[in-house]
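This is what each chain is made of:
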Amino acid sequence: MELQVSSLDFGYFTKNVLKNISFTARSGEVFGIVGPNGSGKTTLLKCLRMALVPKRGKIKLDGEDITKWDRTEIAKYFGVVPQNTNISFPFTVLEIVMMGRIPHLGRMQSEGKEDIEIVKRAMKLTAISDLYYRYASNLSGGEVQRVIIARALAQQPKILLLDEPTSNLDINHQFETMKLIRYLAKKENMIVVIISHDLNLSMRYCDNLLLLDGGKVFSAGRPEDVLTSENIRKVYGVEARIDYNTAIKSNQITLIDVVE
Ligand code: ADP
Ligand code: MG
């Protein structure tokens, strides 16, 4: 499957926030979006699933323009892991993950055996099976994050959209999350689009990157071509040194200082 965005513009009221964004993300690929605060990453992620309606441009799934689809149809394709989810209602983990099945259920239809199997599998993949009947309000930030990922997986999406899923996690769970995301892309053949502030994780775990600056694509392509010291200096105003690290078989970025 191919998610193709072309010449996309978006603005809140009159202010233009996204300008002429084009890229293609494919099944089996982890597609990363990076860029400074306010560069338009979250806005772009919301436009992809039509939660925000672009002013101009096309979003196509395998050549079909989804800007003409209705919401429930779109919801079957896109799983969403929003930034900083707060769960203030007293739901159990099982109830929250089961919510992922809603787009697949008919009106007034309750979940069946198959839905329960799908939910169990989503919980296993995210290593939260032992949290089944716990109340989400009593979980740690990392556990909540995994519950929200499980809810998105229970939807059995073709495309998974994640907004800074690792930002509240300890280093162990950052790795676990990135490895899960790669597994989902490679083994379940999903398109995974992930926003991250962690340039080293993006370098190592993404197949392709889009670097946004001021709502425009500053650079796009392979992580090693996008996250160069020159691009990091221009976009973030930070001096960075980049070395190939044989231990992780990836480029590693060392941030040195802000540019004077
Ligand atoms: P990022 O996720 O890269 O930090 P955002 O997409 O959240 O950036 O924001 C891009 C720009 O859009 C920022 O200037 C932000 O202030 C503005 N913005 C975000 N959400 C809204 C909103 N609901 N109404 C008006 N402006 C917004
Ligand atoms: Mg954001």
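Look up: the structure comes first, before these words.
Residues numbered from 1 in each chain as written. Chains lettered and ligands numbered in written order. Predicted model: local features only at pLDDT ≥ 70, side-chain atom pairs only at ≥ 80, totals over all residues. Heavy atoms only, no water.

### Things to note about the pairing of strand 10 (residues 216-221)
Move 1: With 5 bridges connecting them, strand 9 (residues 208-213) and strand 10 associate as antiparallel partners. Opposite Leu 212, over in strand 10, you have Val 217 as the bridge partner.
Move 2: Linking two consecutive strands that pair antiparallel, namely strand 9 and strand 10, is a turn of 2 residues; a positive phi of about 55 degrees is found at Gly 214 within it. (Pairing = 2+ DSSP bridges. Helix = DSSP H or I, 4+ residues; strand = E, 2+ residues; numbered from the N terminus.)

### Things to note about the site of ligand 1
Move 1: Around ligand 1 sit Tyr 12, Lys 15, Val 17, Pro 36, Asn 37, Gly 38, Ser 39, Gly 40, Lys 41, Thr 42 and Thr 43, and those are all the residues in its vicinity.
Move 2: Interatomic distance of 3.2 Å between a backbone N/O atom of Ser 39 and an oxygen atom of ligand 1.
Move 3: One nitrogen or oxygen atom from the side chain of Thr 42 is found 2.8 Å from an oxygen atom belonging to ligand 1.
Move 4: When isolated, ligand 1 has an accessible area of 560 Å², and the protein chains bury 60% of it.
Move 5: Tallied by class, residues from the shell around ligand 1 come to 3 nonpolar, 6 polar and 2 charged. (Near = heavy atom within 4 Å. Polar contact = N/O pair within 3.5 Å; in protein donor to acceptor, adjacent residues only side chain to side chain. Areas by Shrake-Rupley, 256 points an atom, 1.4 Å probe, with all protein chains shown as cover. Nonpolar A, V, L, I, M, F, W, Y, C, P; charged D, E, K, R; others polar.)

### A look at the side chain of Thr 92
Move 1: By secondary structure assignment, the location of Thr 92 is in the loop between strand 6 (78-81) and helix 3 (93-98).
Move 2: For Thr 92, a relative accessible area of 11% translates into the label buried.
Move 3: Those residues in contact with Thr 92 that lie beyond four places of it in its chain are Tyr 132, Tyr 133, Arg 134 and Tyr 135. (Buried < 20%, exposed > 50% of the residue type's maximum accessible area, 1.4 Å probe, protein only. Contact = heavy atoms within 4.5 Å.)

### Examining helix 6 (residues 171-186)
Move 1: Given a rise of 1.5 Å per residue, 16 residues ought to cover 22 Å, and the 22 Å separating the end C-alpha atoms of helix 6 matches this to within 8%.
Move 2: Looking only at helix 6, the buried set comprises Gln 174, Thr 177, Met 178, Leu 180, Ile 181, Leu 184 and Ala 185. Down the axis of helix 6, the buried set is contained in an arc of 155 degrees. They therefore lie on one face. Projecting away from the buried face of helix 6 at angles above 90 degrees are the exposed residues Ile 171 and Lys 179.
Move 3: The elements touched by buried residues of helix 6 are strand 3 (29-34), helix 4 (113-125), helix 5 (141-154), strand 7 (159-163), strand 8 (191-195) and helix 7 (199-205).
Move 4: The residue sitting at the N-terminus of helix 6 and contributing the capping side-chain oxygen is Asp 170; that oxygen lies 3.0 Å from the backbone nitrogen of Asn 172. (Expected span 1.5 Å × (residues − 1). Arc of directions from axis to C-beta.)

### Quick word on the sheet that holds strand 4 (residues 56-61)
Move 1: One open sheet accounts for 4 strands, arranged 2-1-4-5; its pairing is antiparallel. Only two strands of the sheet have a single partner each, and these edge strands are strand 2 (15-26) and strand 5 (64-65).
Move 2: Bridge analysis of strand 1 (residues 2-12) against strand 4 gives 5 bridges, and the strand direction is antiparallel. Bridge pairing in strand 4 places Val 5 opposite Ile 59.

### Concerning the packing of aromatic side chains
Move 1: Following the criterion strictly, the structure yields 5 aromatic pairs and no others.
Move 2: Plain terms: the ring middles of Phe 10 and Tyr 12 are 4.9 Å apart, the flat faces sit at 90 degrees to each other, and that makes the pair edge-to-face.
Move 3: For Tyr 12, a relative accessible area of 35% puts it in the partly exposed group.
Move 4: Consider the rings of Phe 23 and Phe 31, whose centres lie 4.8 Å apart with planes at 20 degrees: the pair is stacked.
Move 5: Residue class for Phe 23 comes out buried when judged on its relative accessible area of 7%.
Move 6: The class for Phe 31 is buried, based on a relative accessible area of 4%. (Phe/Tyr/Trp six-rings, centres within 6.5 Å; stacked < 30°, edge-to-face > 60°.)

### A few points about the side chain of Ser 196
Move 1: One can find Ser 196 in the loop between strand 8 and helix 7.
Move 2: Reaching out from Ser 196, the side chain makes a polar contact with the backbone nitrogen of Asp 198 at a distance of 2.9 Å.
Move 3: Once residues within four sequence positions are removed from consideration, Ser 196 is found in contact with Ile 33, Val 34, Thr 166 and Ser 202.

### A few points about helix 1 (residues 41-48)
Move 1: Counting buried positions over the 8 residues of helix 1 gives 6, a clear majority of the element.
Move 2: Taken together, the buried positions of helix 1 are Lys 41, Thr 43, Leu 44, Leu 45, Cys 47 and Leu 48.
Move 3: Trailing helix 1 by a residue or two, Met 50 shows a phi angle of about 65 degrees, which is positive.

### Description of the environment of Gln 4
Move 1: Topologically, Gln 4 is positioned in strand 1.
Move 2: Accessibility expressed as a relative area gives 32% for Gln 4, which makes it partly exposed.
Move 3: Spatially, the C-alpha atoms of Gln 4 and Val 193 are 12 Å apart, while their sequence positions differ by 189 residues.
Move 4: Other than its neighbours up to four places away in sequence, Gln 4 contacts Phe 23, Thr 24, Lys 58, Ile 59 and Lys 60.

### Looking at the sheet that holds strand 8
Move 1: Read across the sheet, 6 strands follow the order 6-7-8-3-9-10 without closing on themselves; strand pairing throughout is mixed. For this open sheet the edge positions go to strand 6 and strand 10, each flanked by a neighbour on one side alone. Strand-to-strand, the axes of this sheet are offset by a mean angle of 15 degrees, without reference to chain direction.
Move 2: Examined bridge by bridge, strand 6 and strand 7 share 4 bridges and lie parallel to one another. When the sheet's bridge partners are listed, Val 80 is paired in strand 7 with Leu 161. (Axes fitted to C-alpha atoms, helices over the stretch in contact; angles between N-to-C directions.)

Note that every value here comes from positions in space, so none of it alone points to a role or purpose.
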